[in-house]
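Examining the three-dimensional arrangement
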Amino acid sequence: MTQVSMTVNGKPVSGDVEGRTLLSSFLRDHLSLTGTHVGCDTAQCGACVVHVDGEAVKSCNMLALEADGSEVGTIEGQANSDGSLNTIQQAFQDHHGLQCGFCTPGMVMSAAALLKENPRPTEAEVRKYLEGNLCRCTGYHNIVKAIMAASGQNVSSIAAE
Amino acid sequence: MPKDSGIGASSKRREDVRFLTGAGNYTDDINARGQAYVHFLRSDIAHGRIKNVDTSAAEGMPGVVRIFTGKDFEGVGGIPCGWEVTDRHGAPMQEPAHPILAQGKVRHVGDPIAAVVADSLEQARDAAEAIDLDIEELPAVLDMKAAAQDGATLVHDDLKNNICYDWHLGEADNDKVDEVFANAAHVTTLDLVNNRLVANPMEPRVAVAEYNRGTEEYTLYTTSQNPHVIRLLMCAFVLGLPEHKVRVVAPDVGGGFGTKIFHYAEEAFCTFAAKACNRPIKWTASRSEAFMSDAQGRDHVSTIELALDADNNFVGLRTNTYANLGAYLSTFSSSVPTWLHGTLMAGNYKTPVIQVNVKAMFTNTVPVDAYRGAGRPEATFQIERVIDKAARELGVDPIALRRQNFITEFPYDTPVALTYDTGNYHGTMDKLEAAADLAGFAARRAESEAKGKLRGLGVNCYIEACGIAPSNIVGMLGARAGLYDAATVRVNATGSISVMVGAHSHGQGHETAFPQVVADMIGIDESMVEIVHGDTSKIPFGMGTYGSRSLAVCGSAMVKATEKVIEKAKRIAAHLLEASEADIELKDGQFSIAGTDKSVAWGDVTLTAYVPHNYPLEVEPGLEETAFYDPANFTFPAGAYACEVEVDPETGKVSIEKFTAADDFGNIVNPMIVDGQVHGGIGQGIGQALLENCAYDENGQLLSASYMDYAMPRADDVPFYAVDHSSQTPCTHNPLGVKGCGEAGAIGSPPAVVNAVLDALNSGGKAVDHIDMPVSPSRVWTAMNG
């Protein structure tokens with residue numbers, strides 16, 4: 001066992017982990033931050049996306065020890081300080097960008113990373129960026145729409161609400 | 001003018017807040033104090049005889065609690081099949097045993113052989129590697145037609161052959177059918193494959209089971225679409241447990257699409273082992289395990305024939321289909337190629353003579369069962385592909401050919417056992433033609449051609465039988481369950497309401513849509529109504545969510561229970577207002593005496609029901625009612641879909657440029673949610689048509705066992721979809737007039753995509769009749785250049 005320390009959603013945390021413990025396991029099992037989901041074992045589905053030092057990372061594909069000393073952000077830390085949904089979360093609700101909710105944390109975390117680097121992405125840019133995030137419920141329609149709306153674009157002309 | 005609350009409003013989903021903030025409660029988020037973990041050692045070969053499973057070395061490994069093999073389950077029931085299909089001669093289907101852990105033979109890659117319970121998952125996995133297996137490999141049975149031959153290797157040694165049943169529906173007289181085809185002016189024949197798919201809800205299956213020695217009660221948390229069905233099957237057929245001592249909870253469930261309907265060995269194992277090990281047991285499937293243990297979908301090989309007269313009227317339709325059931329009978333597997341497929345072979349058309357022949361086969365592959373649409377996509381694909389081919393052969397417009405043969409009068413008795421209560425197929429096609437701007441297609445094709453691309457338009461119709469199902473009818477057809485549903489409306493003293501429902505929400509938004517109905521009926525705010533689902537200790541015995549049934553069946557039960565509540569509340573209100581019950585009206589949450597300004601509020605009546613001081617003595621206190629609802633018929637959503645593709649002639653790559661859906665779902669409670677259901681179905685249908693394929697090699701090895709190998713549709717594989725639900729013929733036999741919308745997209749979209757690709761190729765001078773799904777670049781390129 002090795003001790004690992006990091007800052008998660010602004011709070012310092014530490015724990016003893018095996019060398020093989022994944023960051024996703026550390027968040028879920030050690031910190032009970034179960035909003036980060038694991039949907040595959042090949043780093044394809046993106047349900048586990050978190051932010052590590054500001055970058056979107058698949059937490060199932062990173063060892064907890066690799067995140068030692070890092071600033072980690074998870075879905076639990078995304079809402080506004082008063083507990084209300086942030087702009088991206090609110091857009092997902094407003095535009096029905098989620099159904100079963102399992103891929104949603106990863107989608108929101110990826111969307112946040114996208115909008116940070118590209119504040120007004122085109123439809124094609126959103127779709128390209130989401131290549132690493134699978135959703136089986138929505139057919140992606142309302143996810144893409146929600147992210148474009150969260151970037152301040154008018155999405156009312158997009159086919160069918 | 002869109003409504004802002006109640007029936008017809010696009011109320012925002014209340015469940016979203018917890019999902020968007022990481023506060024959902026999925027099964028894998030649940031941990032029991034002192035839990036142990038199970039890892040299943042699964043077969044890595046498709047077919048073999050188990051000679052020895054030596055667990056001695058593994059048993060001494062660190063953390064190991066106990067190791068189970070098939071021997072531990074001798075005398076324990078196997079996984080049951082919920083539907084007994086009777087073959088064309090009146091004999092019951094062949095029904096092999098389905099043990100929890102393999103006994104005697106392994107029959108597919110992924111078949112569980114041993115289960116290692118240990119203090120940690122890693123220890124369980126490590127110990128599983130130390131189990132010594134001696135398994136004699138046998139030839140794998142894979143090709144369905146070969147498997148049906150006399151002398152074929154048997155998947156199950158105790159069965160007479162690999163044919164589960166040889167079934168028939170529709171016209172029984174072969175000579176009559178032959179005569180129809182012989183006398184036809186034109187016959188179109190098509191051989192096609194409905195590719196095997198994996199449902200792939202993003203949440204893998206999970207089970208956590210606990211046993212309380214003090215109370216002798218079990219609790220099973222499991223990723224299910226129907227917790228009561230799981231409890232009944234597991235208690236009555238597998239483990240022999242008293243139902244009242246078992247609680248099954250399906251908490252937040254991350255998608256189902258059919259594959260979480262079924263009772264699985266892993267959840268029964270965890271329940272069994274929780275007592276045997278006297279510890280809570282947890283199992284979480286990896287995605288690779290999901291690929292080799294979740295029941296898979298589709299996998300039909302069909303020859304479809306359409307006979308037309310000289311005026312292009314459809315006069316006969318015949319299918320000969322082989323349906324793959326895999327190695328064992330999953331819970332509803334036997335009903336899919338039969339009653340959910342054969343009965344839909346009339347489609348939207350008044351074909352007078354239809355014959356459906358299905359051979360259902362055992363093979364050394366993962367079991368196959370219902371996946372979104374379940375039989376109806378297989379029927380629709382055959383019908384709509386053969387019509388398109390006929391139109392091309394006859395040189396007629398494919399939409400005109402469909403319109404000419406539409407059923408136009410309702411109710412309509414099909415030759416394949418259904419009665420369509422209502423529909424308006426011309427009206428829905430009119431909506432499609434407008435919404436898809438079919439008039440502008442020629443210009444769009446010219447634009448594509450100017451870029452060096454081929455553009456194709458594919459159109460098709462679909463009909464589905466939803467709202468599953470009238471219990472008396474399905475009972476006659478072999479179902480071993482009723483298919484009603486139930487709801488309890490519990491009004492609290494302060495007027496808020498908890499509605500306990502048998503339906504289960506795993507993405508469908510019941511927590512939002514169901515309250516819209518109850519609130520609308522009473523005239524109170526939606527926020528006063530809460531839905532409780534997914535816990536057998538809280539909800540009445542309902543059959544769960546699948547087959548686009550939740551609102552049509554469980555919603556009807558909820559309406560009936562709410563009506564009973566209102567009726568009782570009116571009696572209390574009449575007492576308070578000193579008026580006759582017959583004169584009491586309920587509007588906007590106020591009970592009033594008709595024609596007067598005397599009224600009493602909903603909250604005052606509900607409080608009186610629980611504080612019955614000034615109260616009618618003949619009325620029981622309290623305000624809580626339960627209703628069970630058994631539908632009188634299926635519901636029949638129908639629609640017309642249009643897909644436009646561009647094909648790159650250099651590479652064979654297909655891109656979906658435009659997709660339009662016009663559906664008739666009858667009345668709609670929440671249009672936003674209904675649109676979302678159709679979007680998701682279309683996404684899966686495009687996945688089937690262009691990308692997805694569950695593949696086995698010649699030894700039965702599963703080649704597509706991860707997202708590196710199984711091509712899931714991603715955001716950049718699909719366009720925005722246009723959906724139109726303004727064509728509405730309300731269901732005639734349920735109180736809300738609703739039909740069901742969950743599967744439509746997945747049923748209606750694959751033929752539109754394939755028809756569009758073929759239209760593109762033919763427009764480029766390539767006379768290609770058919771390409772099997774997935775229509776991959778290599779298949780398109782080969783068809784163009786082969």
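No experiment lies behind these values; they were computed from the predicted model shown.

Re the sheet that holds strand β20 (residues 497-501) of chain B
As a general point, the strands of a sheet are linked pairwise by backbone hydrogen bonds and lie either parallel or antiparallel. Residues and elements named next belong to chain B. Strand order across the open sheet formed by four strands is β21-β20-β19-β25, with mixed pairing between neighbours. Looking at the sheet topology across the chains shown, the edges are occupied by β21 (529-532) and β25 (624-629). The sheet shows a mean angle of 20° between the axes of neighbouring strands, taken without regard to direction. Along the sheet, helix α15 (residues 550-577) makes contact with β19 (485-491), β20, β21 and β25, crossing β25 at roughly 145°.

Details of helix α11 (residues 425-435) of chain B
All of the buried residues along α11(B) are B:Y425, B:G427, B:T428, B:M429 and B:L432. Tucked into the core, α11(B) has its buried residues touching α10 (398-405), β17 (419-420), β18 (454-463), β26 (638-647) and β27 (654-664) of chain B.

What about the packing of helix α6 (residues 227-239) of chain B against helix α7 (residues 265-276) of chain B?
Residues and elements named next belong to chain B. Interhelical geometry of α6 versus α7 gives an angle of 65° and a closest axis separation of 11 Å. Looking at the two axes, α6 sits roughly perpendicular to α7. Here α6 runs over α7; the crossing is right-handed. Between α6 and α7, the contacting residues are I230, M234, V238 and L239 on the first element and E267, A268, T271 and F272 on the second. Split by residue class, the contact of α6 with α7 holds six nonpolar, one polar and one charged.

Comments concerning the interface of chain A and chain B
Contact residues are listed per partner, giving 52 residues for chain A and 54 residues for chain B. Carbon and sulfur atoms supply 57% of the area buried between chain A and chain B, which totals about 4500 Å² over both sides. Joining chain A to chain B, the criterion identifies five salt bridges. Of the charged contacts, one joins A:R136 and B:E692 as a salt bridge, the two residues approaching to 2.7 Å between their closest N and O atoms. The tally of links between chain A and chain B comes to 28 residue pairs in polar contact (both at pLDDT 80 or more). When its residues are assigned to classes, the side of chain A that touches chain B shows 22 nonpolar, 18 polar and twelve charged.

What about the sheet that holds strand β6 (residues 132-137) of chain B?
Residue and element names in this part refer to chain B. Pairing is antiparallel across the open sheet formed by three strands, whose spatial order is β4-β2-β6. In this open sheet, the two strands that pair with only one neighbour each are β4 (105-106) and β6. Bridge count for strand β2 (residues 48-54) against β4 is two bridges, and the pairing is antiparallel. In the strand pairing of β4, R49 is matched with K105.

Quick notes on the nonpolar core
Here is a general trend for soluble globular proteins: nonpolar side chains tend to be buried in one another's company. Membership of the largest hydrophobic core comes to 182 residues, with the highest contact counts inside it found for A:F92, B:V647 and B:F659. When residues in this core are grouped by element, the largest group, ten residues, is from helix α18 (residues 744-763) of chain B. The residues contacting A:F92, other than those within four sequence positions of it, are A:G97, A:L98, A:M107, A:V108, A:I143, A:A146, A:I147 and B:L20. Counting residues in hydrophobic clusters, the runner-up holds 49 residues, among them B:A519, B:W602, B:A609 and B:Y629.

A short note on a nonpolar patch on the surface
On the surface, a cluster of nonpolar side chains totalling about 240 Å² of accessible area is made up of B:L607, B:Y610 and B:V611. Structurally, B:L607 is set in helix α16 (residues 602-610).

Section: the confidence of the model for chain B
Of the residues in chain B, 100% have a pLDDT of 70 or more, and the chain-wide mean is 97. At the level of chain-chain contacts, confidence expressed as ipTM amounts to 0.98, with global pTM at 0.97.

Each value, and the rule that gives it
- Residues numbered from 1 in each chain as written.
- Chains lettered and ligands numbered in written order.
- Predicted model: local features only at pLDDT ≥ 70, side-chain atom pairs only at ≥ 80, totals over all residues.
- Heavy atoms only, no water.
- Pairing = 2+ DSSP bridges.
- Helix = DSSP H or I, 4+ residues; strand = E, 2+ residues; numbered from the N terminus.
- Axes fitted to C-alpha atoms, helices over the stretch in contact; angles between N-to-C directions.
- Contact = heavy atoms within 4.5 Å.
- Buried < 20%, exposed > 50% of the residue type's maximum accessible area, 1.4 Å probe, protein only.
- Parallel < 35°, antiparallel > 145°, perpendicular 65-115°, else oblique.
- Left-handed = near helix turned anticlockwise from the far one by under 90°.
- Nonpolar A, V, L, I, M, F, W, Y, C, P; charged D, E, K, R; others polar.
- Buried area = accessible area lost by both parts, 1.4 Å probe.
- Salt bridge = Lys/Arg side-chain N within 4 Å of Asp/Glu carboxyl O.
- Polar contact = N/O pair within 3.5 Å; in protein donor to acceptor, adjacent residues only side chain to side chain.
- Core = buried A, V, L, I, M, F, W, Y, C linked by side-chain atoms within 4.5 Å.
- Patch = residues over 30% accessible without salt bridge, like charges linked within 9 Å, V, L, I, M, F, W, Y side chains within 5 Å.
- Areas by Shrake-Rupley, 256 points an atom, 1.4 Å probe, with all protein chains shown as cover.
- pLDDT = per-residue confidence, 0-100.

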